[in-house]
Amino acid sequence: MPAAESEISLPPPPTSATAPPRLSHLRLLEAESIHILREVASEFERPVMLYSIGKDSSVMLRLAQKAFYPGPIPFPLLHVDTGFKFAEMLTFRDAMARSAGAELLVWRNEGAIAAGTNPIVLDTKRCCGLLKTQALLDALRHYNFDAAFGGARRDEEKSRAKERIYSFRDSAGQWDPKNQRPELWNLYNARIHPGESIRVFPLSNWTEMDVWQYIHEEKIPVVDLYFAKERLMYVRGDALLPIEQAFVARPGEQPQLVKSRLRSLGCSPCTGAIRSDADTIPAIIAELLSFRSSERANRTIDHDQEGSMEIKKREGYF
Amino acid sequence: MAALTTPSFSIDEFLQQEREKDLLRFSTAGSVDDGKSTLIGRLLYDTQSVYEDQVRSIQGKGTTAPGQIDFALLTDGLRAEREQGITIDVAYRYFSTARRKFIIADTPGHEQYTRNMVTGASTADAAVVLIDASKGVLLQSRRHAYIASLLRVRHVLVAVNKMDLIGYDQAAFRAIERDFSLLLEQIAADTGSPVESIFVPVSALAGDNIVHRSKAMLWYSGPSLLELLEALPSSLDTRAEPFRFPVQRVLRPDHSFRGFAGQIASGTVRPGDRVTVLPSGRSAEVSRIVTYDGDLAEAYAPLSVTLVLNRELDISRGDLIVLADAPATVAKSVKAALVWMDRRPLELHRRYLLKHTSQTAPAFLSSIEHRTNIGTFSHEPAETLEMNGIGVVTLNLLRPIALDLYGENRGTGAFILIDAETNSTAAAGMITTASSYETEGSHIHAGAWGPVTAGERAARWGHRGGVLELSGPTELIDAIERSLFAAGAISNRIEADDDAFLLHPSLLEIVTEMQIQSGLLALVVHENDSGTLMARAEDRQLTLDANDPLKAVSAVHQLLHSTGILIFFEKADL
Ligand SMILES: Nc1nc2c(ncn2[C@@H]2O[C@H](COP(=O)(O)OP(=O)(O)O)[C@@H](O)[C@H]2O)c(=O)[nH]1
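Residues numbered from 1 in each chain as written. Chains lettered and ligands numbered in written order. Predicted model: local features only at pLDDT ≥ 70, side-chain atom pairs only at ≥ 80, totals over all residues. Heavy atoms only, no water.

1. Quick look at the overall build of chain B
Inference 1: When its secondary structure is counted, chain B shows 15 helices and 27 strands.
Inference 2: Counted over contacts in chain B with a minimum sequence separation of 6, partners at least 24 positions apart contribute 71%.
Inference 3: For chain B, the accessible surface area stands at approximately 23,200 Å², while carbon and sulfur atoms represent 52% of it. (Helix = DSSP H or I, 4+ residues; strand = E, 2+ residues; numbered from the N terminus. Contact = heavy atoms within 4.5 Å. Areas by Shrake-Rupley, 256 points an atom, 1.4 Å probe, with all protein chains shown as cover.)

Encoded structure:
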């Protein structure tokens, strides 16, 4: 009940001498994520973990190792390869799956790749639709997976803020934001009809900062592209465009050596680099603190259209 | 973002400070236009938790005066909502200060309000209730306070907003404080759960007392809303409470290791502790607490760990491990407060599944004690609960589960109900009364002196009366009968080719009908040596390959489920 006047005084801050050790926010997030991983592995027939090679996937993979230790991870990893991933990413992917002792499945929309699908000929949205969304849906159907873990976080983008931890998809793999189940306490409703599936986001409550701090504390390996190095880049206004497949230089454009790194890993034609000197994880964290723009700002894909993430999700994307 | 890197900034100090940060979850709610979105936007903006590109993208938009940022837009979400200009669901926001990381469950004050507020409050340590100072206490604020109390959210911060609109008037603030405190007392009397409340006069738009203390209200000498949020004790700390460990999964990678994986719901455990496994009641000693990062000398809530016991006990998912000297209640019948979440209203004797900790069990609602009117807090008789309705019901379970009252333990006292047919999450439940299964003996349906009803039988046996016709090889029929027996079904096998029935065909019909009437599962079997099995229940018929007995048994169970004869549903039961 309220104090008589407004003589509300703050409780004294806990001092380390009197207070029992508190669990840090990272330990709390870790415990929550492990709980989710175990629930899904126990309640679904055929779960799979989407492994996208990025920092979030690396954290998710480590959490899976922790959840089932000393046993193996009881589901396979699935990578949807668009054919436009940086070469370093693929090497890293194979090494990570091996060291985690997990089965790795790779799925490519070979038809679309053979037909020369790329974001320059098509627009980004249609390219993503074929190489990512369609490929993902095909893979899930092919293997008959009924639950798929993804590394998405709610802090990434506005439409993700309302995403459930168990995100319900109809038999076409589509997301209806109006038809999601309420999630209470840590009690997840895992019941689905044949053909339906769920996407599960064990990192829902993590922020970009949490992910990097965890990688630092746990010494989790991440792809070298995250660290600043002299790299050959095309410089277009503010944008740094890495040289990889399918890059079309404009007349007169010459690549330059720029000390740079990637902030998030996507397909090479659609992922810009940033100028940076951050070549260690603490340096990346320090850089993050000084950032004035959000993580996805350098992913061209989200700029196609207002609310484009939401549209992709409705169509079956993560 | 937060704390710009200044020359004196040291990343090592920063990382050290981050290591000590804990986590507080709070929910927010108010009526439409109380200023909730503005308040959250303000919290995020003033704690430098939004990026410049996000601020840029909303500049010059919105409803505020030119030059003023409409903070509400920072928390705007889905396209459908943008079009309608409203928020319709729970959205989660993240920010952190030097002391704490915060998770906000932002719940709207309209459409499906109760359902969303309950969802947000279920994981919250604190609730921020908004009141528009220019309008006074509206229904929505009462509702939120009631829900916070019902869900046992320990701390309620009442933000009396738009103080700028009433000239920062102290008397008006005090009047709201008085009225709302009275209301909170009434609520506590109804829910049995007192709320600790603190009132703060704020202006979300102008930023008064949100992050920084206001210069416009010198009559208020208390802390700002954010200072309060930073100082509240986190209710996650349940280390001193009885140890509760719901088993999520049995880990047995090889013959030398058998561990029980789960997340500690409350309390503390150490190797050497004597524990009891419920509902079986068998005891053992904890020999190791295993994690990927090494064995622990002590583990407490809410850590996720793996326990190894000193002797082999039959333990499976859904069992509850407790300290031997602090047992939980094992019950088959409970009273619980329900908040109805589904568009389809509650129906007594409809098939629901109760998900409680890590187990799912068939449940039957045998009666509705009352419905609570949130406007008046009065209890009304009710036949059903509709979406957003709150009431108290009696639930019967097919088999006993280990639990605590919600008032004593959020983790082992909460459950959800799932509609067994549509799979939607039908209700949120909080156990208010439970008596021990052993001592209640045959009084499960105490009060009813009439004949035992079909519903009561179904509630106990897990199936209603029905006929399963089988024709195929004897061994396979034996296996099916046995599997049903193992699942707890009360069945009776009738050999249809018996002379008596061949002589008097109508006798078979009579016998079968009598069994159905008594709620039994009648197995009418024709044994033969064919390579296929024919199974029929009601109007559905299957022809199965008799050489794949596992598949055939499981298909027959499915058949019984799909006709609604068999009610228990779990994988484990197959
Ligand atoms: N004068 C004044 N207006 C406010 C204040 N907080 C919010 N508003 C305005 O009230 C209206 C509703 O605010 P909004 O945050 O969208 O309300 P919500 O529906 O509760 O999320 C908007 O026009 C806000 O600018 C305040 O403290 N003072």
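2. Focus: the domain arrangement of chain B
Inference 1: The domain boundaries assigned to chain B delineate domain 1 (11-231), domain 2 (244-323), domain 3 (329-440) and domain 4 (454-571).
Inference 2: Placing a centre on the C-alpha atoms of domain 2 of chain B and another on those of domain 4 of chain B gives a separation of 39 Å. (Domains from an automatic or database assignment.)

3. Looking at the sheet that holds strand β8 (residues 239-242) of chain A
Inference 1: Strands sit in the order β8-β7-β9-β10 (chain A) across an open sheet of 4 strands; the sheet is antiparallel. The sheet is open, and its two borders are formed by β8 and β10 (274-275) of chain A, each paired with just one other strand. (Pairing = 2+ DSSP bridges.)

4. Topic: the pairing of β8(A)
Residues and elements named next belong to chain A.
Inference 1: Sheet topology note: the strand β7 (residues 229-236)/β8 ladder contains 4 bridges and is antiparallel. Among the inter-strand pairings, V235 is bridged to a residue of β8, identified as L240.
Inference 2: Linking β7 back to β8 in an antiparallel pair, the connection comprises 2 residues, with G237 at a positive phi of about 60°.

5. Comments concerning the confidence of the model for chain B
Residue and element names in this part refer to chain B.
Inference 1: When pLDDT is averaged along chain B, the result is 87; 88% of the residues meet or exceed 70.
Inference 2: Under a pLDDT of 50 for its full length, residues 1-5 has, in the predicted model, 17 contacts with residues more than four places off or in other chains.
Inference 3: In this model, residues 439-448 is a region of pLDDT below 50 whose contacts with residues beyond four sequence positions or in other chains number 9 contacts.
Inference 4: Listed scores for the predicted complex are pTM 0.82 and ipTM 0.87. (pLDDT = per-residue confidence, 0-100.)

6. Side note on the sheet that holds strand β26 (residues 532-537) of chain B
Residue and element names in this part refer to chain B.
Inference 1: Taken in spatial order, the 5 strands make up an open sheet running β24-β25-β23-β26-β27, and their pairing is mixed. The open sheet has two free edges, formed respectively by β24 (491-495) and β27 (540-545), since each of these has just one partner strand. For this sheet the average axis-to-axis angle between neighbouring strands, irrespective of direction, equals 20°.
Inference 2: Where strand β23 (residues 466-472) meets β26, 3 bridges bridge the pair, whose relative direction is antiparallel. Each residue of the ladder has a partner; that of S471, found in β26, is M534.
Inference 3: Set on the sheet, helix α12 (residues 474-486) makes contact with β23, β24, β25 (521-527) and β26; between it and β25 the angle comes to about 170°.
Inference 4: On the sheet, helix α14 (residues 505-517) packs against β23, β24 and β25 and is oriented at approximately 175° with respect to β24. (Axes fitted to C-alpha atoms, helices over the stretch in contact; angles between N-to-C directions.)

7. Comments concerning the pattern of salt bridges
Inference 1: The final tally for this structure, using the stated rule, is 48 salt bridges over all chains.
Inference 2: Here R160(A) and E156(A) are joined by a salt bridge, their closest N and O atoms 3.9 Å apart.
Inference 3: The salt bridge involving D419(B) is made with R350(B); its shortest N-O contact spans 2.8 Å. Of this pair, D419(B) sits in strand β21 (residues 414-419) while R350(B) sits in the loop between β16 (329-340) and β17 (352-356), and the two are 69 residues apart along the sequence. (Salt bridge = Lys/Arg side-chain N within 4 Å of Asp/Glu carboxyl O.)

8. Quick notes on unusual backbone geometry
The phi torsion of most residues other than glycine is negative, and most of the peptide bonds are trans.
Inference 1: Omega for the bond connecting Y69(A) with P70(A) falls within 30 degrees of zero, at 0°, which places this linkage in the cis form.
Inference 2: With omega at -5°, the peptide bond leading from A301(B) into P302(B) counts as cis.
Inference 3: Inspection of the secondary structure assignment puts P302(B) in the loop between β13 (299-300) and β14 (304-309).
Inference 4: Positioned with a positive phi, I53(A) is a non-glycine residue whose angle comes to about 80°.
Inference 5: Here I53(A) shows up in the loop between β1 (47-50) and α2 (55-68).
Inference 6: Taking relative accessible area as the criterion, I53(A) reaches 0% and is therefore assigned buried.
Inference 7: Here W185(A), not a glycine, exhibits a phi torsion of approximately 45°, which is positive.
Inference 8: Within the element layout of this structure, W185(A) appears in the loop between β5 (166-169) and β6 (197-200).
Inference 9: Judged by its relative accessible area of 10%, W185(A) falls in the buried class. (Buried < 20%, exposed > 50% of the residue type's maximum accessible area, 1.4 Å probe, protein only.)

9. A word on the domain arrangement of chain A
All names here are of chain A.
Inference 1: For chain A, the domain assignment lists domain 1 (25-208) and domain 2 (211-303).
Inference 2: One C-alpha centre belongs to domain 1, the other to domain 2, and the line joining them spans 23 Å.
Inference 3: In this complex, domain 1 contributes 34 residues to the contact, which on the side of domain 2 involves 33 residues.
Inference 4: Surface buried jointly by domain 1 and domain 2 totals about 3,000 Å² across both partners, of which 62% is contributed by carbon and sulfur atoms.
Inference 5: The largest share of the area that domain 1 buries against domain 2 comes from K55, F86 and E208, three residues that together contribute 26% of it. (Buried area = accessible area lost by both parts, 1.4 Å probe.)

10. Things to note about the site of the ligand
Residue and element names in this part refer to chain B.
Inference 1: Neighbouring the ligand are 18 residues; D33, K36, S37, T38 and D164 lie closest to it.
Inference 2: In the model, an oxygen atom of the ligand is placed 3.3 Å from a nitrogen or oxygen of the D34 main chain.
Inference 3: S203 has a polar side-chain atom sitting 3.1 Å from an oxygen atom of the ligand.
Inference 4: Coverage of the ligand by the protein amounts to 82% of the 570 Å² it exposes when considered alone.
Inference 5: A total of 3 residues in the shell around the ligand trace back to one element, the largest contributor, which is helix α2 (residues 36-46).
Inference 6: When grouped by side-chain class, the residues that make up the shell around the ligand number 5 nonpolar, 8 polar and 5 charged. (Near = heavy atom within 4 Å. Polar contact = N/O pair within 3.5 Å; in protein donor to acceptor, adjacent residues only side chain to side chain. Nonpolar A, V, L, I, M, F, W, Y, C, P; charged D, E, K, R; others polar.)

11. Let's talk about helix α1 (residues 25-43) of chain A
Inference 1: The end-to-end C-alpha distance of α1(A), which contains 19 residues, comes to 27 Å, matching closely the 27 Å that a straight helix rising 1.5 Å per residue would cover.
Inference 2: With 18 of 19 residues buried, α1(A) lies mostly within the body of the structure. (Expected span 1.5 Å × (residues − 1).)

12. Looking at the nonpolar core
Inference 1: With 74 residues, the main nonpolar core has W185(A), F26(B), L39(B), L151(B), F180(B) and L229(B) as its most contacted residues.
Inference 2: What F26(B) contacts, discounting residues up to four positions off in sequence, is L43(B), F95(B), F102(B), I103(B), I104(B), A105(B), A124(B), A126(B), V128(B) and L229(B).
Inference 3: Formed by 73 residues, the second largest nonpolar core is a distinct cluster that contains I165(A), F168(A), I11(B) and F14(B). (Core = buried A, V, L, I, M, F, W, Y, C linked by side-chain atoms within 4.5 Å.)

13. Digging into the environment of M209(A)
Inference 1: Note that M209(A) resides in helix α6 (residues 208-218).
Inference 2: By relative accessible area, M209(A) is classed as buried at 10%.
Inference 3: Taking the C-alpha atoms as reference points, M209(A) and C127(A), separated by 82 residues in sequence, lie 30 Å from one another.
Inference 4: Each residue touching M209(A), except ones within four places of it in the same chain, is listed here: I285(A), L288(A), L289(A) and F14(B).

14. Observations regarding the confidence of the model for chain A
Residue and element names in this part refer to chain A.
Inference 1: Summing up the model confidence of chain A, the mean pLDDT is 83 and the portion of residues at 70 or higher is 83%.
Inference 2: Below pLDDT 50 for its whole length, residues 1-7 participates in 20 contacts with residues either more than four positions away or in separate chains.
Inference 3: Ignoring residues within four places in sequence, the model shows residues 298-306, a span with pLDDT below 50, making 30 contacts including any to other chains.

15. As for a nonpolar patch on the surface
Residue and element names in this part refer to chain A.
Inference 1: On the surface, L232, I243 and L257 cluster together into a nonpolar patch covering about 280 Å² of accessible area.
Inference 2: Within the secondary structure, L232 sits in strand β7.
Inference 3: Among the residues examined, L232 registers a relative accessible area of 45% and is labelled partly exposed. (Patch = residues over 30% accessible without salt bridge, like charges linked within 9 Å, V, L, I, M, F, W, Y side chains within 5 Å.)

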